[in-house]
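For reference, the chains in residue letters:
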Amino acid sequence: MEGKHLSCFVALLLGVLIFKMHIFPAVGDQDEDIPHNEVRNWALKFGVDLWEFGRQFTKMNEIKSRFKDNDIEVKRKDGIILLRELAAEVKNFMDFKRNAVMRLMDSAEQAALSELEGQSSSESGALGGQQHYDARRINEYNADGKLADGARHMDIRFMRRFERLPVNLSLSSILVPHGVDLDETDVKSALQWSAHLDPLFQNNLERDPALSWQYFGSSSGFLRRFPGTAWPPEGSKGSKLIHDFRTHNWFVQAASSPKDIMILLDSSSSISEKSFDLAMATAFNILDTLGEDDYVNLITFSEVVKTPVPCFKDRMVRATPDNVQEIKSAVKAIKLQDTANFTAGLEYAFSLLHKYNQSGAGSQCNQAIMLITESTSESHKEIIKQYNWPHMPVRIFTYLIGSDSGSRSNLHEMACSNKGFFVQINDFEEARRKVIDYALVMARPMIMYQADHPVHWSPVFVAGKSGGLGRDSEYQRRLVTTVSTPVFDRRNHSVRVANLLGVVGTDVPIEEIRKMIPQHKLGPNGYSFIVDNNGRVLYHPDLRPLSDGNQYIDQLRPKYASVDITELELPETEVGNEHEVVEMNKNLLNEMRGDMIRPKEGETEFTVLNHYDESKRVSTRTHRYFYGPIEDTPFTLAIVLPEKYGSHELVSQQEIRHSRNNVTEYFKGDNWRVHPDWVYCEYNSVSDLEKERESSGEYTSRDQEPSFGSPEEQVLHFLARAGRPGWKWMSVRPKSPQPHHNLHGTSSSAAHFGAQHLNVQGSRKAEPYYCDRTLIQSLVRDAMVTDGLDRNTTGTSNGKEDKHPIATLMAILKRQGYQKFVVATSFVATRSGLLRWIDHIKRPEDTPEPHFSEDNVRAMDTAWYKRAVDQHTVEPDSFVYSVPFGSGYAIKSNATLVTASHAIFVEHRGHKAPAGVVGLQFQHDSLAKHFINITSTCTGMTGCKRTCASDNLDCYVLDNSGFVIISEEMEHTGKFFGQIDGTIMDSLVQDRIYKRVTVNDYQGVCSDSDNPYTAAGGILKPHRFGNWFFQHLVALSATWLSFMPASLRAWPQDDYETYDNNGDVVFIENNYSDEYEETFENEYNMQVDQEMDEFFTTADVEYTTPPPKQHKPHSGPRFTPDPQNARRCDLRTDLYMLQPERLNQGGQNNPLKGKLTNCHVSGCERPFSVQKIPHSNLILLVVDTLCPCGSKQLDIEPMEESGVVGACSTRRQSQEQESRRRPKKCINYHPEEIEIQQCGRGSTLLRMSASVVAAHLLMVTVTFVLANA
């Protein structure tokens, strides 16, 4: 027995010894067993092979020599001079748009004055139906081909400029929102006189063929839009009715000066659930009419005053889309409780508005209280007298939900005595349609002065299809801003009124503005942007507006974008930097923003983060910023040039008329493209192109816009013209006419229309075409330099074959290289926007993958172009390599292509400038095979123990962003290495081989399906049948009383009352008694700050709305929500950047040795070796796998910031304090405005539901029977 135990013990001991012999010696020798010298040799050979192959195959040296063989100059750019030149071009462009709108305004006012005063109403009624084309009935035909009853025929043709819709360039069409009747008297009258705008619409387009949609939005509810087109447009899923434009930014903000708005929403238990829904809809519609220049807050009141958004307490906030959405979300969580304390609500609102008025904060213009309630027992004269009389600095607008007669009288009196307006709301349609009345009232002082017509530029929004010539333009939506101005009623009325006839405007596509700032003048990685007086961007290369869910295409409803410049320019703020450097970059950005808002000309320089490929890659670049105002606009232009190479440009042009050959010979074949968004040459109008084609005998279809089939066809057309005798360059754009001046006075209408508006001097059509001479001559030179590169020779630039032995050797290397690397496509892209390519493998006809040229026609905008130019500053003789993300599973089909690109810089007199980028796309498996061949053998004389073919070594090729280019596991291709082995990736960061960079995306998109203020996301209100029954009974009783004789009516009689065009009762203002005339100025100017402090500590005011829920980051892949549930959110992600200097210390490319320790219970270690692959953006990583270390995963998926989300986040709160510049005009007072007595409207019996009408008739019958009994 003892022998048996002894043998077991000996066996165990031997096992332990064997384990130690096999494991611990291996641990001790692991570092030596990774062949570091071989790793260096493998990387060197692999890098040199790739470089030599790419250098020869792309003929980069030959291209560079061809440039140098011609007259070239590397010229220094003066950023400030370039800025002033470009700002002047943008100003000139915007002047044309503004002047077109001002001419429309002037003509509209004269036409209305002449028509309304010169014709009787009967004539208007007779002619009104024949003066317009209803867009809903244009070209409607029956099955038999005959025009449908009530429809009208309009000759139309498809036009790219007008969102690729069929239009008529001589007529306008009428678009109608829901609830507008074209047979109403005031609508028919406005339709008739506004028909006179058609000739001016047409004339404006002739003056400036770059004009987009022009329109007149009538206050009566219809939209006259030019050119005429049917609605809904072809392919739209919308109805025949458009969204009410009177609530859109371009209309409301043009009609009224900036404003501070306090919305008081009754949330007491006395209001029914149904009425509160209607009250809430009314408040939301008011919020939707506000813009960036306005300030707002909403409070609810019952026994106490509550601020639904906690961080908005005691504040007015800018009416940005984000803040408005925050208020809406919070209001949906309000509980109805207690009784209504109107005094507390009004005191709070008056005190806060007064505080902002006295402190210089807010809009410093209009101020108003919007009171929304179902009932009130008094008109609150005392509190209003205390705070608002006699000067009435705060207007009061009252909204009665339902038909309580007593409340109607009280609310009407409150509004009429405080320069406001009373509105009665009975359904959701009225809640949407009637809220605009407040803007028309605020416009009264401006209309009464009859002098200023402020010009308003709307925020940017996503409109219809792009008008570009690019092959993909049909599938792109364009960004648009609108310039607009109000139209006043200049008639003399028998009673004092101040009517806004409407607003005129025109859309300005951003793609047209960007044409004024040619990209070729900014160079690669240079860009421009424009900000407005609030710091919001009009355009920026990284601006990504939220999807509008096709609401513009279907409803003509814009969804405005609001992104601050500090949310797009991301200063480098890594923790690893010195604290002073971090703060300096951020402070310099904020200082630049402040200068641009003032506005002030200046320049600065700081380092920012640049992200590529859908925020999967990041780099840092130091930029030089030059900025200055665009005169006579609220905008400031900035141009951005890379500090290392953006200050010089290559000047190399070919004068077309001096060329020995026809320059079109250099553009043969179909393997070239030009940048579709750049302007080389273009006709100024459709008619100019028609004339040219008619003179050349070309046929033009009358149903289609005469146009070019592609940007290349357009370029060839003008190159051919440039070679003919008599060619003129026309390289200066037409200058805008003198600023518009109103010519109101004694001039007759006939002279107004004939002499002033139909002259064509100072128009953009002074010349038939425009050509960018520098760009097109540079394009010709680039075409000459790159011509013939597809010929299979190694010839010199003079075309003779080079018999030099080195050249012969290079030719052999190239043939061998082609066998090593299976090239699919080689290409060259130049500074002039030219892209040439050669397909070396025939593409399958049935392949679903787009051709290289389809995805890369905008070559200078692609990541491979931008990264190649940046890489030149890191390692001039190198290529940038990349593979598609997550492409490993396509390896077996040979579908994965490696893209390699190299920037060509041309040197002249000691200065370099980028001329273009050459590149290749070759099959990934050929690259992987070559890598395996190299790393599977020992290059040294002594041999090596292990290679990448060994089982216990894993070898990877990673790019400078940490993505796998080559791995033994093919499915790793295109993956982020941290997802494969996060432990090693962390170690690479700790060893400063990669730098971890946190990138914030302030334009993230998250789901809004969960209301952050309540878990349910719904409206929390009790269901009380008894309360509803009581409210309904009160409403019926009130209406019953309204049918009693006048002496029994519940509200006082005015001197007179009128009816609006819907038949609604319009109440005329009552005058308060003389006791309200006493002076109150001293009391009003008391120390309100003290009063506010005391007031906010009373029990009447508190905010008990629960704060927003703390957000927990979502784990796993993110999915973009549908547009209906999308909201802006702050995302962050950790990305990685290679630090090549770490692997090149002292000029020596020695491998960096690393080791993972304490990663296993056995105590074993895991060494690895990292080597820079020369002439590339790649590294070779060799990892010992013998020690079974655990591995974690790192993720680069963007995640929503944790903590408080939305407006109450720390970042958004600090952003609320950023500076802004108020609009120049504020017209909020006219001494005679108090004479206007029209101050309210209610609802008629005709708008009631059938059941309510029946009940009312029954009550009237009963009353009549009882009275006569």
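The rules behind each value
Residues numbered from 1 in each chain as written. Predicted model: local features only at pLDDT ≥ 70, side-chain atom pairs only at ≥ 80, totals over all residues. Heavy atoms only, no water. UniProt positions renumbered as here; feature names shortened; annotations may be inferred. Helix = DSSP H or I, 4+ residues; strand = E, 2+ residues; numbered from the N terminus. Buried < 20%, exposed > 50% of the residue type's maximum accessible area, 1.4 Å probe, protein only. Contact = heavy atoms within 4.5 Å. Areas by Shrake-Rupley, 256 points an atom, 1.4 Å probe, with all protein chains shown as cover. Phe/Tyr/Trp six-rings, centres within 6.5 Å; stacked < 30°, edge-to-face > 60°. Lys NZ or Arg CZ within 6 Å of the ring centre and 35° of its normal. Salt bridge = Lys/Arg side-chain N within 4 Å of Asp/Glu carboxyl O. Core = buried A, V, L, I, M, F, W, Y, C linked by side-chain atoms within 4.5 Å. Axes fitted to C-alpha atoms, helices over the stretch in contact; angles between N-to-C directions. Parallel < 35°, antiparallel > 145°, perpendicular 65-115°, else oblique. Nonpolar A, V, L, I, M, F, W, Y, C, P; charged D, E, K, R; others polar. Polar contact = N/O pair within 3.5 Å; in protein donor to acceptor, adjacent residues only side chain to side chain. Expected span 1.5 Å × (residues − 1). Pairing = 2+ DSSP bridges. 1 Å grid on protein atoms, 1.4 Å probe; cavity = no way out; pocket = protein on both sides within 12 Å on 5 of 7 lines; lining within 4 Å. Points joined across faces, edges and corners; volume = space filled by probe spheres on them. Disulfide = S-S within 2.5 Å.

The name given to the protein in an unreviewed UniProt entry is Voltage-dependent calcium channel subunit alpha-2/delta-3 isoform X1, with Drosophila albomicans as the source organism. Taken verbatim from the UniProt record of the protein, the Subcellular location (unreviewed entry) comment is "Membrane".

Peer 1: An account of the overall build of the protein is needed here, citing residue identities and associated values.
Peer 2: Scanning the protein for helices and strands turns up 35 helices and 42 strands. Expressed as a percentage of its 1269 residues, the buried residues of the protein come to 57%. In the protein, once contacts between residues fewer than 6 apart in sequence are set aside, the share between residues at least 24 apart is 77%. For the protein, the accessible area works out to roughly 53,900 Å², and carbon and sulfur atoms hold 51% of it.

Peer 1: Give a description of the packing of aromatic side chains that names residues and reports values.
Peer 2: Per the stated rule, a full pass over the model turns up 39 aromatic pairs. Here Phe461 and Tyr560 contribute two aromatic rings whose centre-to-centre distance is 5.5 Å and whose plane-to-plane angle is 80°, an arrangement assigned as edge-to-face. Taken together, the residues span a long stretch of sequence, with Phe461 in strand S15 (residues 461-465) and Tyr560 in the loop between helix H19 (551-555) and helix H20 (579-597) at a distance of 99 residues. Both residues of the pair, Phe461 and Tyr560, belong to the buried class. Seen in terms of ring centroids, Tyr645 and Phe905 are 6.2 Å apart; in terms of plane orientation they differ by 85°. Their pairing is edge-to-face. With Tyr645 in the loop between strand S22 (636-642) and strand S23 (648-651) and Phe905 in strand S30 (residues 897-908), the pair connects residues that are 260 residues apart, well separated along the chain. An aromatic cluster of three or more residues is present, and its members are Tyr683, Phe708, Phe718, Trp727, Trp729 and Tyr769. One Lys or Arg, Arg733, reaches over the ring of Tyr770 and ends 3.9 Å from the middle of that ring.

Peer 1: Hey, could you go over the pattern of salt bridges for me, with residue numbers and the actual values?
Peer 2: As enumerated under the stated definition, the model contains 60 salt bridges in all. Across the salt bridge formed by Arg55 and Glu52, the nearest N and O atoms sit 2.5 Å from each other. With Arg55 and Glu52 both in helix H2 (residues 36-58), this residue pair falls 3 residues apart, about one helical turn. By relative accessible area, Glu52 is classed as partly exposed at 27%. When salt bridges with common partners are traced through the structure, they connect Asp244, Arg246, Glu429, Arg432 and Arg433 into a single cluster.

Peer 1: Describe the nonpolar core, naming the residues involved and giving the relevant values.
Peer 2: Membership of the largest hydrophobic core comes to 106 residues, with the highest contact counts inside it found for Met94, Ile513, Phe529, Ile530 and Leu637. In terms of residues, this core owes the most to one element, helix H4 (residues 79-118), which gives 16 residues. Those residues in contact with Phe529 that lie beyond four places of it in its chain are Tyr539, His540, Ile565, Glu569, Met592, Met596, Tyr625, Thr636, Leu637, Ala638 and Val640.

Peer 1: Could you give an account of the packing of helix H9 (residues 273-288) against helix H10 (residues 321-331), with specific residues and numbers?
Peer 2: Packing of H9 against H10 leaves a shortest axis separation of 10 Å and a crossing angle of 175°. The orientation of H9 with respect to H10, classified from their angle, is roughly antiparallel. Contact with H9, carried on its side by Met280, Phe284, Leu287 and Asp288, involves Val324, Ile327, Lys328 and Val331 of H10 and no other residues of that element. Residue composition of the contact of H9 with H10, grouped by class: 6 nonpolar, no polar and 2 charged.

Peer 1: Go over the environment of Asn388 with me, naming the residues and quoting the values.
Peer 2: Its place among the elements puts Asn388 in helix H12 (residues 381-388). Asn388 sits in the buried class, given a relative accessible area of 0%. Spatially, the C-alpha atom of Asn388 lies 7.9 Å from that of Phe350, the residues being 38 residues apart in sequence. Asn388 has contacts with Phe350, Pro393, Val394 and Asn418, leaving out every residue within four places of it along the chain. At a separation of 2.9 Å, a polar atom in the side chain of Asn388 contacts the side chain of Asn418.

Peer 1: Run through helix H27 (residues 863-874), naming residues and quoting values.
Peer 2: For H27, which comprises 12 residues, the first-to-last C-alpha distance of 16 Å matches the rise-based estimate of 16 Å (1.5 Å per residue) to within 8%. Burial runs high along H27: 9 of the 12 residues are buried.

Peer 1: Go over the sheet that holds strand S34 (residues 994-1007) with me, naming the residues and quoting the values.
Peer 2: Sheet architecture is open: 3 strands sit in the order S34-S37-S41, paired in antiparallel fashion. One side of each edge strand has no neighbouring strand; the edge strands of this open sheet are S34 and strand S41 (1199-1200). Alignment of strand S37 (residues 1126-1138) against S41, held across 2 bridges, turns out to be antiparallel. Across the sheet, the residue bridging to Leu1131 is Glu1200, located in S41. Strand contacts of helix H30 (residues 982-990): S34 and S37, with the helix running at about 115° to S34, the strand carrying the most contacts.

Peer 1: Which residues make up helix H13 (residues 405-416), and what values go with them?
Peer 2: Between its first and last C-alpha, H13 extends 16 Å over 12 residues, near the 16 Å set by a 1.5 Å rise per residue. Within H13, 11 of the 12 residues are buried, which leaves it mostly tucked inside the rest of the structure. Every buried residue of H13 is accounted for by Ser405, Ser407, Arg408, Ser409, Asn410, Leu411, His412, Glu413, Met414, Ala415 and Cys416.

Peer 1: Quick one: what's the story with the pairing of strand S21 (residues 617-629), residue by residue and with numbers?
Peer 2: Sheet topology places strand S20 (residues 602-612) next to S21; 11 bridges connect them, and they run antiparallel. Counted as the bridge partner of Thr604 is Tyr625 from S21. Hairpin connection of S20 to S21: 4 residues between the antiparallel strands, including Asp613 at a positive phi of 50°. Examined bridge by bridge, S21 and S22 share 7 bridges and lie antiparallel to one another.

Peer 1: Tell me what's going on with empty space enclosed by the protein, and back it up with residues and numbers.
Peer 2: For the structure on display, the rule yields 7 cavities of 30 Å³ or more. By volume, the largest cavity is sized at about 130 Å³. Contributing to the lining of the largest cavity are 15 residues, with Tyr215, His248, Trp250, Tyr552 and Leu556 lying nearest its centre. Of the residues contributing to the lining of the largest cavity, the split by class is 10 nonpolar, 3 polar and 2 charged.

Peer 1: Can you explain the sheet that holds strand S18 (residues 527-531)? Please cite residues and give values.
Peer 2: In space, the 5 strands of this open sheet follow the order S19-S18-S22-S21-S20, with antiparallel pairing throughout. Of all the strands in the sheet, the pair left with one neighbour each is strand S19 (537-539) and S20. Neighbour to neighbour, the strand axes of the sheet diverge by 35° on average, direction disregarded. Along the sheet, H27 contacts S20 and S21; its crossing angle with S20, the most-contacted strand, is approximately 120°.

Peer 1: Any chance you could break down unusual backbone geometry for me, citing the residues and the numbers?
Peer 2: The amide bond that connects Trp231 to the next residue, Pro232, takes the cis arrangement and shows omega of 0°. When you line up the elements, Pro232 lands in the loop between strand S6 (223-226) and helix H8 (249-255). Between Arg598 and Pro599 the backbone carries a cis peptide bond, its omega angle lying at -5°. Counting through the fold element by element, Pro599 comes out in the loop between H20 and S20. We note that Arg992 has phi near 60°; this positive angle belongs to a residue other than glycine. In this structure, Arg992 sits in the loop between H30 and S34.

Peer 1: If you had to explain the environment of Arg544 to someone new, which residues and values would you point to?
Peer 2: Tracing the backbone through its elements, the reader meets Arg544 in the loop between S19 and H19. Considering only alpha carbons, one finds Arg544 and Gln1003, 459 residues apart in sequence, at a separation of 6.9 Å. Sequence-distant contacts of Arg544, that is, excluding residues within four places in its chain, are made with His611, Asp1001, Gln1003 and Arg1128. One polar contact links Arg544 to Asp1001, side chain to side chain, over a distance of 2.9 Å.

Peer 1: How would you explain the state of the cysteines if you had to name every residue and give the values?
Peer 2: As enumerated under the stated definition, the model contains 7 disulfides in all. Across the disulfide from Cys681 sits Cys771; the S-S distance is 1.9 Å. Handedness of the Cys681-Cys771 disulfide follows from its S-S torsion of about 120°: it is right-handed. Taken together, the residues Cys681 in strand S25 (residues 681-683) and Cys771 in strand S26 (residues 769-771) connect sequence positions 90 residues apart. Under the relative-accessibility criterion, Cys681 is labelled buried at 5%.

Peer 1: Lay out the pairing of S30 with the relevant residues and their values.
Peer 2: Across the 12 residues of S30, 9 count as buried, placing the element largely inside the fold. Note that strand S29 (residues 880-882) and S30 share 3 bridges and pair antiparallel. When the sheet's bridge partners are listed, Val880 is paired in S30 with Ser901. Two elements, S30 and strand S31 (residues 911-923), share 12 bridges in a ladder whose sense is antiparallel. Bridge pairing links Val898 to Phe922 in S31. The antiparallel hairpin formed by S30 and S31 contains 2 residues in its connecting segment, where Arg909 sits at a positive phi of about 55°.

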